[in-house]
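For reference, the chains in residue letters:
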Amino acid sequence: VQLQASGGGLVHSGGSLRLSCAASGITFRDYNMGWFRQAPGKEREFVAGIRRSGGTTYYANSVKGRFTISRDNAKSTVNLQMNSLKPEDTAAYYCAADRSNAASTTASDYEYWGQGTLVTVSS
């Protein structure tokens, strides 16, 4: 199983980035997908999730209205469009896969993890 995240980089405050995660080795449509982030010295936190069919999405309050998660089951990819970025969004971002029926925001519920992609937002 491999989750390959990409798209991170350096952006000014107010800018945008689009993260992508390509999955292989799993039946992608059977998994809810999530994005988490971890800033230096902080715990990993939930950012956004999307259910198997793509019909339901859920977000952390801190990113609601600024970030949009989407998926393409035909291509086994999940994306995170991040707009109006703030310095406090600076973190390593991880995609993860969860086969349970719950729309979980808990990291320990996710079975598979990508390697992370770094997002840095300058003020």
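None of these values were measured; they are calculated from a predicted model.

*Asks:* Help me get a handle on unusual backbone geometry, residues and values and all.
*Replies:* For Ser-76, which is not glycine, the phi torsion reads 55° and is therefore positive. As for its placement among the helices and strands, Ser-76 is situated in the loop between β7 (67–72) and β8 (77–82). For Ser-76, a relative accessible area of 17% gives the class buried. If you check the backbone angles, Ser-84 has positive phi at about 50° while not being a glycine. Turning to its location among the elements, Ser-84 is positioned in the loop between β8 and β9 (91–98). Owing to a relative accessible area of 40%, Ser-84 belongs among the partly exposed residues under this scheme.

*Asks:* Please set out the pairing of β9 residue by residue, giving values where relevant.
*Replies:* When you tally the buried positions in β9, you get eight out of eight residues, the bulk of the element. Sheet analysis places strand β4 (residues 32–38) next to β9, joined by seven bridges and oriented antiparallel. Its bridge partner being in β9, Trp-35 is matched across the sheet by Cys-95. Inspection of the sheet shows β9 paired to strand β11 (residues 117–122) by three bridges, in the antiparallel sense. Residue Ala-92 lies in a different strand from β11, and its bridge partner there is Leu-118.

Criteria and cut-off values
Residues numbered from 1 in each chain as written. Predicted model: local features only at pLDDT ≥ 70, side-chain atom pairs only at ≥ 80, totals over all residues. Heavy atoms only, no water. Helix = DSSP H or I, 4+ residues; strand = E, 2+ residues; numbered from the N terminus. Buried < 20%, exposed > 50% of the residue type's maximum accessible area, 1.4 Å probe, protein only. Pairing = 2+ DSSP bridges.

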